[in-house]
Amino acid sequence: MYLLQTGMQHNVNWLQALLVLSLSVTLGWTVEVQRPRGVPLTKRQFYDEAKPFTCLDGSRTIPFDRVNDDYCDCKDGSDEPGTAACPNGSFHCTNAGYRPTFIPSSRINDGICDCCDGTDEYNSGASCQNTCKELGRKEREALQKLAEITKEGFLLKQQLIEEAKKGQQEKQSRLSELQDSRKGHEDKVEALRTVKETAEQPEKEAKERHLKAWEEHKAALRLEKEKAKMAEVFLELDDNADGFVDVSELQTHQELDPDGDGTLTDTEAQGLLGGAHKVDSTEFMNMWSNMKEKYVSESQPPTPSSYDSSHDEQKDSTSDKDQERDLDKDPDSVYPEDDLDEDAAGEDDEDDDDDDDRDDDDDKVPPAPQPSDHSDSPEEVMAPYDAETQALIDAAQKARDEFEAAERSLREVDDQIKALEKEISFDFGPSSEFAYLYSQCYELTTNEYIYRLCPFNRVSQKPKYGGSETSLGSWGSWSGPEDNKYSVMKYEHGMGCWQGPNRSTTVKLTCGKETAVVSTSEPSRCEYLMEFTTPAVCLEPPNIDTQVHDEF
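As the structure is a prediction and not an experimental result, all values here were calculated from the model.

**Q** Could you give me a rundown of the overall build of the protein, with the residues and numbers involved?
**A** Per the secondary structure count, the protein includes 10 helices and 14 strands. Relative to its full complement of 552 residues, the protein shows a buried share of 36%. Of the contacts made within the protein by residues no fewer than 6 positions apart, 48% connect residues no fewer than 24 positions apart. Entry remark: accessible area of the protein is about 32,400 Å², with carbon and sulfur atoms responsible for 48%.

**Q** I'd love a proper account of the packing of helix α3 (residues 132–237) against helix α10 (residues 387–425), names of residues and values included.
**A** Relative orientation of the contacting elements α3 and α10 amounts to 160°, with a least axis distance of 7 Å. Taken together, the axes of α3 and α10 are roughly antiparallel relative to one another. Both α3 and α10 take part in a crossing whose hand is left-handed. Counted by class, the contact of α3 with α10 contains 20 nonpolar, eight polar and 16 charged residues.

**Q** Residues and numbers for the packing of aromatic side chains, please.
**A** Enumeration according to the criterion identifies 18 aromatic pairs in this entry. Measuring from centroid to centroid gives 5.9 Å for Trp288 and Tyr295, while their planes differ by 70°, and the two rings are edge-to-face. Across the pair, Tyr295 and Trp288 agree in class, each one buried. Between Phe428 and Tyr438 the ring centres are 5.8 Å apart and the planes differ by 70°, which places this aromatic pair in the edge-to-face class. Pair noted here: Phe428 is in the loop between α10 and β7 (442–445) and Tyr438 is in the loop between α10 and β7, with a separation of 10 residues, a long-range link. Side by side, Phe428 and Tyr438 carry an identical accessibility label, which is buried. In this structure an aromatic cluster arises from ring pairing among Phe426, Phe428, Phe434, Tyr438, Phe456, Trp475, Trp478, Tyr486 and Tyr491. Directly above the aromatic system of Tyr122 lies the positively charged group of Arg37, at a separation of 3.7 Å from the ring centroid. For Lys278, the ring lying beneath its charged end belongs to Phe244, and the centroid distance is 4.6 Å.

**Q** Could you give an account of the environment of Cys86, with specific residues and numbers?
**A** Within the secondary structure, Cys86 sits in the loop between β2 (61–62) and β3 (90–93). When its relative accessible area of 0% is taken as the criterion, Cys86 is described as buried. Separated by 15 residues in sequence, Cys86 and Tyr71 have C-alpha atoms that sit 7.5 Å apart. Once you skip the residues sitting within four places of it in the chain, Cys86 turns out to touch Cys72, Cys74, Gly77, Asp79, Glu80 and Ser105.

**Q** Residues and numbers for the nonpolar core, please.
**A** By size, the foremost hydrophobic cluster in this structure holds 29 residues, and its most contacted members are Phe434, Leu453, Phe456, Met489, Val507, Leu509 and Phe532. If you list the elements that add at least two residues to this core, you get α3, β7, β8 (449–454), β10 (470–478), β11 (488–492), β12 (504–511) and β14 (527–534). Ignoring sequence-local partners within four residues, the contact set of Phe456 consists of Phe426, Asp427, Phe428, Phe434, Leu437, Tyr438, Trp475, Trp478, Met489 and Tyr491. Counting 18 residues, the second largest nonpolar core, distinct from the first, contains Phe234, Leu264, Leu272 and Tyr295.

**Q** So what about the state of the cysteines? Which residues, and what values?
**A** One pass over the full model with this rule turns up eight disulfides. In this model, Cys55 is linked to Cys74 through a disulfide, with the two sulfur atoms separated by 1.8 Å. Disulfide Cys55 to Cys74: torsion about the S-S bond roughly -80°, handedness left-handed. Taken together, the residues span a long stretch of sequence, with Cys55 in the loop between β1 (53–54) and β2 and Cys74 in the loop between β2 and β3 at a distance of 19 residues. Each member of the pair, Cys55 as well as Cys74, is classed as buried. With its sulfur 2.0 Å from that of its partner, Cys441 forms a disulfide with Cys454. Of note, the bridge from Cys441 to Cys454 carries an S-S torsion of about 105° and is right-handed in sense. On the criterion of sequence distance, the pair formed by Cys441 in the loop between α10 and β7 and Cys454 in strand β8 is long-range, its members being 13 residues apart. Overall, Cys441 belongs to the partly exposed group, its relative accessible area being 32%. The class of Cys454 is buried, set by a relative accessible area of 6%.

**Q** Tell me what's going on with the environment of Asp114, and back it up with residues and numbers.
**A** Residue position: Asp114 is located in the loop between β4 (101–104) and α3. Sequence separation of Asp114 and Phe102 is 12 residues, and the distance between their C-alpha atoms is 9.6 Å. Contacts of Asp114, omitting those with residues within four sequence positions, involve Ile103, Arg107 and Asp120.

**Q** So what about the side chain of Thr506? Which residues, and what values?
**A** Mapped onto the secondary structure, Thr506 falls in strand β12. Taking relative accessible area as the criterion, Thr506 reaches 19% and is therefore assigned buried. Here Lys490 takes part through its side chain, which lies 3.1 Å from a polar atom of the side chain of Thr506. When near neighbours in sequence (up to four residues on either side) are disregarded, Thr506 contacts Val488, Met489, Lys490, Tyr528, Leu529 and Met530.

**Q** If you had to explain the pattern of salt bridges to someone new, which residues and values would you point to?
**A** Should the charged atoms of two oppositely charged side chains come close, the side chains can pair. Using the criterion set out here, one finds 21 salt bridges in the structure. Two residues, Arg99 and Glu139, come together in a salt bridge whose shortest N-O distance is 2.6 Å. Taken together, the residues span a long stretch of sequence, with Arg99 in the loop between β3 and β4 and Glu139 in helix α3 at a distance of 40 residues. Taking relative accessible area as the criterion, Arg99 reaches 34% and is therefore assigned partly exposed. Judged by its relative accessible area of 2%, Glu139 is buried. For Arg182, the salt bridge identified is with Glu186, shortest N-O distance 2.3 Å.

**Q** I'd like a description of the pairing of strand β13 (residues 516–524), backed by residues and values.
**A** Note that β13 and β14 share six bridges and pair antiparallel. Paired with Ala516 across the bridge in β14 is Thr533. Taking the residues that link successive antiparallel strands as the turn, the β13-β14 hairpin has two residues, and the phi of Cys526 there is positive, at about 70°.

**Q** Give a detailed account of the sheet that holds β10, specifying residues and quantitative values.
**A** Strand order across the open sheet formed by eight strands is β7-β8-β9-β10-β11-β12-β14-β13, with mixed pairing between neighbours. Every interior strand has two partners, whereas the edge strands, β7 and β13, have only one. Within the sheet, the average angular offset between the axes of one strand and its neighbour, ignoring direction, is 25°. Where β11 lies against β12, four bridges are found, and the strand directions are antiparallel. Note that in β12 the partner of Tyr491 across the bridge is Thr505.

Rules of the game
- In every chain, residue numbers begin from 1 and rise along the written sequence.
- Thresholds applied to this predicted model are a pLDDT of at least 70 for local features of residues and 80 or more for the giving and counting of side-chain atom pairs; totals over whole chains, interfaces and linings are not thresholded and use all residues.
- The basis for every side-chain value is the complete set of heavy atoms in the structure, and neither hydrogens nor water enter the calculation.
- Labels follow the DSSP assignment, with helices taken as runs of H or I lasting at least four residues and strands as runs of E lasting at least two, numbered in each case from the N terminus.
- Using a 1.4 Å probe on the protein chains alone, a residue whose accessible area is under 20% of its type maximum counts as buried, one over 50% counts as exposed, and one in between counts as partly exposed.
- Should any heavy atoms of two residues lie within 4.5 Å, those residues are counted as being in contact.
- Accessibility throughout is a Shrake-Rupley quantity obtained with a 1.4 Å probe, and a residue counts as covered only by protein chains that appear here.
- Here the axes come from fitting lines to C-alpha atoms, over the contacting stretch only for helices, and the angles between their N-to-C directions go from 0 to 180 degrees.
- We call two directions roughly parallel when the angle between them is under 35 degrees, roughly antiparallel when it is over 145, roughly perpendicular when it lies between 65 and 115, and oblique otherwise.
- Should the near helix be turned anticlockwise from the far one by less than a right angle, the crossing is left-handed, and should it be turned clockwise, the crossing is right-handed.
- As a working rule, the residues Ala, Val, Leu, Ile, Met, Phe, Trp, Tyr, Cys and Pro are called nonpolar, Asp, Glu, Lys and Arg charged, and the rest polar, with Gly in that last group.
- Only Phe, Tyr and Trp rings take part, Trp by its six-membered ring, and two of them pair if their centres are within 6.5 Å. Stacked means planes under 30 degrees apart, edge-to-face means over 60, and tilted covers everything else.
- The rule for a charge over a ring is simple: NZ of Lys or CZ of Arg within 6 Å of the ring centre, and within 35 degrees of the ring normal.
- Residue types Ala, Val, Leu, Ile, Met, Phe, Trp, Tyr and Cys, when buried and joined through side-chain atoms within 4.5 Å, form a set referred to as a nonpolar core.
- By convention in this document, the label disulfide applies to cysteine sulfur atom pairs within 2.5 Å.
- Two N or O atoms form a polar contact when they lie within 3.5 Å of each other; inside protein one atom must be a possible hydrogen donor and the other a possible acceptor, and for residues adjacent in sequence the pair counts only when both atoms belong to side chains.
- Basic side-chain nitrogens of Lys or Arg form a salt bridge, by our definition, when they fall within 4 Å of a carboxyl oxygen of Asp or Glu.
- DSSP-based pairing: two strands are paired if at least 2 bridges between them are found.

Okay, structure coming up:
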């Protein structure tokens, strides 16, 4: 996997290595060029047995027979390439049939086979098998597989580029169409706004007329009720039925005592009667307002002994006020502006035997399922709008509906324009090869979590067995090196860690035929790393000239 992933990022170098390894087998390069042990072919010219040896750092010159004599003469260790004498020296493994490499000189003859050809253990007695041919074969197979993946991935990339180009043209065309149509939507909205406002003015005036008539009706009802109540009280107070209420008759109602001392004196009673000793029904009407809040009717049922007179007075007063409040209800709460069907009318008291004359109205105004304690009588409920007013309301409502529908259409067009402009503005790579990732999401499930990557949007983590989702960052920018900018994605400003920074995620892109999240880790606290394969990063396989392996 390591070779495969590394090769995806550096496919050109690997392809070159594959060609060299193939040539080494095809041309039969198995004979090593003679040079001192541990010396690479590239430095063969510095080790001429016919001449004294000069340290590669130029520090001194020694006789050649002191090269590889197991004694360190040069500071840079260059005189002992094949021994462990110099601590800073290095030994070159030729590894014919595989890749040459260098190992520290301290590993020479340490009993451990570090070079696949075993040349580092020439004098340790260790038995080293030459595994270079087998390693070379495996590496060539891996590189061949990588070359095939790279080739197929690049072909897919070309298709992605063509599709992105076509998609970009379609989006630009769609954006132009939407921008052109927007003016028509705006004009329609403004025209319907005018129609709506024109229809709403007569509707408003008609409703105001209806409300005014209703207020006048309520005022007349209140006056009639007040007169009836006053007449009832007058008759109740006129004990001798002489057509007058005098001081003595008024004193039978001590609850009218103005100073609250429990006694209604002659003077106090006379004061309630406007200074007169007695008044007739017409004069009593003017005095009634001063005593109606306290007056307790003699016909009122007795209350439990635990209730005092003040409680009775308060109850009576509250009842009267509730009745007035019911009359003052907002007409729109009785008959809502846009829902004036007959069900919205008042509630009937089915137990009221005195309301037999309401049977005809019951067909039009059915009672509510749960009438309140202070249900309005039909006379106190605002009447439905007349046909002319209702027609104006219906026309205005139709105009409002059409205006709102036009506004919704305009908002939808604006939303589409905004979404297209946002998508078009994204940097999807030099040839828009990454455009296919937009609006897509890819998941990777581990033992504990489900990771979700939505390119150009966000990264999240969710417990595998239930729990809330955690944001690991939102799209930030391309963050690869200057020469390979589109190899790394950065997602920032995720959910904050406990007493730590906000979470962030780095996504490394590698070449692959499939588009998938292949691994995830948390190398640092709250900093996540993902590996993501995609054909969009596959490079074009190069045409490589025949080269000679410089190690043979």
